[in-house]
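These are the residues of each chain, in order.
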Amino acid sequence: MIYNELLLELDEEGVEVIEHRFCSHGLKGLYLDNVIVMNCIAIATEKEKTCILAEEIGHYHTTYGNILDQKNVSNRKQEKRARNWAYEKLISLDKLIEAYEAGVRSSYDLSDYLGVTEDFLQNALKHYHEKYGLSVKQEDYLIYFNPFGIFHGP
Amino acid sequence: MSIGTRIKSFRKQRGLTQVKLAEKAGISRSYLADVEADRYNPSLSTLMELAQALGISVSCLLDNREIDFRNLVGACKEKRVSLESLCELLKIPDVSLELIRTNKLPDEDTMLKLCNYFNCTWDYMIGKTNSPDDIVFDHEVKPIAPNYVPKTIAAHFENTEFTEEETKEINDFISFLTSKRKKQQT
């Protein structure tokens with residue numbers, strides 16, 4: 001569902017998404033100058049697919065240069081920036097509140113509700129923790145990131 | 001035009017007889033006659049001697065294309081000088097000027113003077129290319145398309161380093177994309 005929305009968005013931006021079989025299963029997604037390649041056989045679930053696509057879109061928006069060599073610090077920074085972009089794209093604070101209002105409590109349910117993998121959700125919460133500190137106030141809600149919890153204020 | 005007829009036309013342009021040219025190039029008249037009639041393929045060293053005797057470069061003998069001084073005329077216009085005053089300035093003899101006017105190759109000295117003056121290549125001067133700093137080696141060689149190198153590459157992968165196989169796969173995919181884009185362009 002979210003995957004298709006992302007695809008539509010990319011189509012409007014003029015980014016091509018190709019599904020290609022790489023022999024290596026470690027290589028799941030690739031971004032090259034306005035072309036996103038998804039290694040579909042290495043991706044197990046629809047959720048994972050969404051997360052990987054979002055990260056590649058993050059590269060489209062934030063990355064410049066060849067960053068394949070992750071031993072280089074500046075490349076790692078760019079990788080992180082792209083991932084952070086993906087976290088904010090798929091899991092916005094508003095969506096967390098929306099899930100809370102829908103009665104979602106456990107992290108498994110939450111990842112299910114958001115349509116992302118649990119790993120991705122945990123990393124997103126870690127990112128928000130880095131960004132906002134332990135908690136952030138959004139409208140009438142107080143969101144704690146570690147441990148995760150949402151409180152509805154008066 | 002075959003190489004024999006080209007040698008002959010250059011010789012005629014310079015007002016030389018077969019005997020004189022053969023003497024200058026150090027070959028026998030009968031051999032020169034055979035070369036001009038395309039009965040023999042002259043060796044490279046013979047060609048070089050002939051070119052020297054004619055006061056031109058070997059490439060002029062080999063090149064099939066007609067010489068055309070439109071670039072020179074254009075460059076003159078740009079500098080706002082007439083061909084005559086240019087020749088006076090560069091001390092180019094009237095004979096050479098006449099050759100240029102009739103789109104025939106003047107002697108090497110004149111050509112070098114012109115190329116230096118306009119700061120361009122020989123090939124540009126005789127109209128083989130439209131770019132002043134271009135050299136044409138062989139008109140049948142197609143220009144090599146620059147290799148497509150993606151400006152931005154990023155991958156989602158699980159390990160921190162690529163194996164050789166993965167690197168190869170990525171490179172293969174880049175070349176696949178390159179060929180695809182080329183096809184789209186044409």
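Placed above this text is the structure.
Residues numbered from 1 in each chain as written. Chains lettered and ligands numbered in written order. Predicted model: local features only at pLDDT ≥ 70, side-chain atom pairs only at ≥ 80, totals over all residues. Heavy atoms only, no water.

Caption draft 1: The interface of chain A and chain B, seen in detail. Facing the 30 residues of chain A at the interface are 23 residues of chain B. Counting the surface lost from both chain A and chain B, the interface buries some 2500 Å², and carbon and sulfur atoms represent 59% of this. When the buried area of chain A at its contact with chain B is split by residue, Leu-32, Asp-33 and Leu-68 of chain A rank highest and sum to 25% of it. The interface formed by chain A and chain B holds 0 salt bridges in total. Inspection of the region where chain A meets chain B yields 7 residue pairs in polar contact (both at pLDDT 80 or more). In terms of residues, the side of chain A that touches chain B owes the most to one element, strand β2 (residues 27-32) of chain A, which gives 6 residues. The residue makeup of the side of chain A that touches chain B, split by class, is 13 nonpolar, 9 polar and 8 charged. (Contact = heavy atoms within 4.5 Å. Buried area = accessible area lost by both parts, 1.4 Å probe. Salt bridge = Lys/Arg side-chain N within 4 Å of Asp/Glu carboxyl O. Polar contact = N/O pair within 3.5 Å; in protein donor to acceptor, adjacent residues only side chain to side chain. Helix = DSSP H or I, 4+ residues; strand = E, 2+ residues; numbered from the N terminus. Nonpolar A, V, L, I, M, F, W, Y, C, P; charged D, E, K, R; others polar.)

Caption draft 2: Representation of the sheet that holds β2 of chain A within the structure. The mixed open sheet is built from 4 strands, whose spatial order is β1(A)-β3(A)-β2(A)-β1(B). Each edge of the open sheet carries a strand with a single partner, namely β1 (16-19) of chain A together with β1 (153-157) of chain B. Averaged over all pairs of adjacent strands, the angle between strand axes in this sheet comes to 15°, irrespective of strand direction. One ladder, built from 5 bridges, connects β2 of chain A with β1 of chain B; its direction is antiparallel. By the bridge assignment, Tyr-31 of chain A is partnered in β1 of chain B with Ala-154 of chain B. Strands β1, β2 and β3 (35-38) of chain A together with β1 of chain B of the sheet are contacted by helix α2 (residues 46-62) of chain A, whose axis makes an angle of about 25° with β2 of chain A. (Pairing = 2+ DSSP bridges. Axes fitted to C-alpha atoms, helices over the stretch in contact; angles between N-to-C directions.)

Caption draft 3: Local environment of the pairing of strand β5 (residues 141-145) of chain A. All names here are of chain A. Side-chain alternation along β5 places Tyr-141, Ile-143 and Phe-145 on a buried face and Leu-142 and Tyr-144 on a face that remains uncovered. Both strand β4 (residues 135-138) and β5 contribute to a ladder of 4 bridges, which runs antiparallel. Looking at the pairing, Lys-137 lines up with Leu-142 of β5. Counting the residues between successive antiparallel strands, the hairpin from β4 to β5 contains 2 residues, one of them, Glu-139, with a positive phi of roughly 50°. (Buried < 20%, exposed > 50% of the residue type's maximum accessible area, 1.4 Å probe, protein only.)

Caption draft 4: Geometry of the pattern of salt bridges. Tallying each qualifying case throughout the model produces 11 salt bridges over all chains. Measuring nitrogen to oxygen at the nearest pair gives 3.2 Å for the salt bridge that ties Lys-168 of chain B to Asp-172 of chain B. Pair noted here: Lys-168 of chain B and Asp-172 of chain B are both in helix α11 (residues 164-185), with a separation of 4 residues, about one helical turn. Using a relative accessible area of 53% as the deciding quantity, one classes Lys-168 of chain B as exposed. Given the relative accessible area of 39%, Asp-172 of chain B is considered partly exposed. The structure contains a network of salt bridges with shared partners spanning Glu-55, Glu-79 and Arg-83 of chain A.

Caption draft 5: Structural context of the sheet that holds β5 of chain A. Residues and elements named next belong to chain A. With respect to topology, 3 strands assemble into an open sheet ordered β4-β5-β6, the strand pairing being antiparallel. Bordering the open sheet on either side are β4 and β6 (148-152), each of which pairs with just one other strand. Each strand of the sheet is rotated relative to its neighbour by a mean of 15°, with strand direction disregarded. Contacting β4, β5 and β6, helix α6 (residues 118-132) crosses the sheet at an angle of about 110° to β5.

Caption draft 6: Local environment of the packing of helix α3 (residues 73-90) of chain A against α6 of chain A. Residues and elements named next belong to chain A. Taken N-terminus to C-terminus, the directions of α3 and α6 make an angle of 105°; their axes are 10 Å apart at the nearest point. For the element pair α3 / α6, the angle class is roughly perpendicular. Along the contact surface, α3 presents Lys-80, Asn-84, Ala-86, Tyr-87, Glu-88 and Leu-90, while α6 presents Phe-120, Asn-123, Ala-124, His-127, Tyr-128, Glu-130 and Lys-131. Taken together, the residues of the contact of α3 with α6 break down into 6 nonpolar, 3 polar and 4 charged. (Parallel < 35°, antiparallel > 145°, perpendicular 65-115°, else oblique.)

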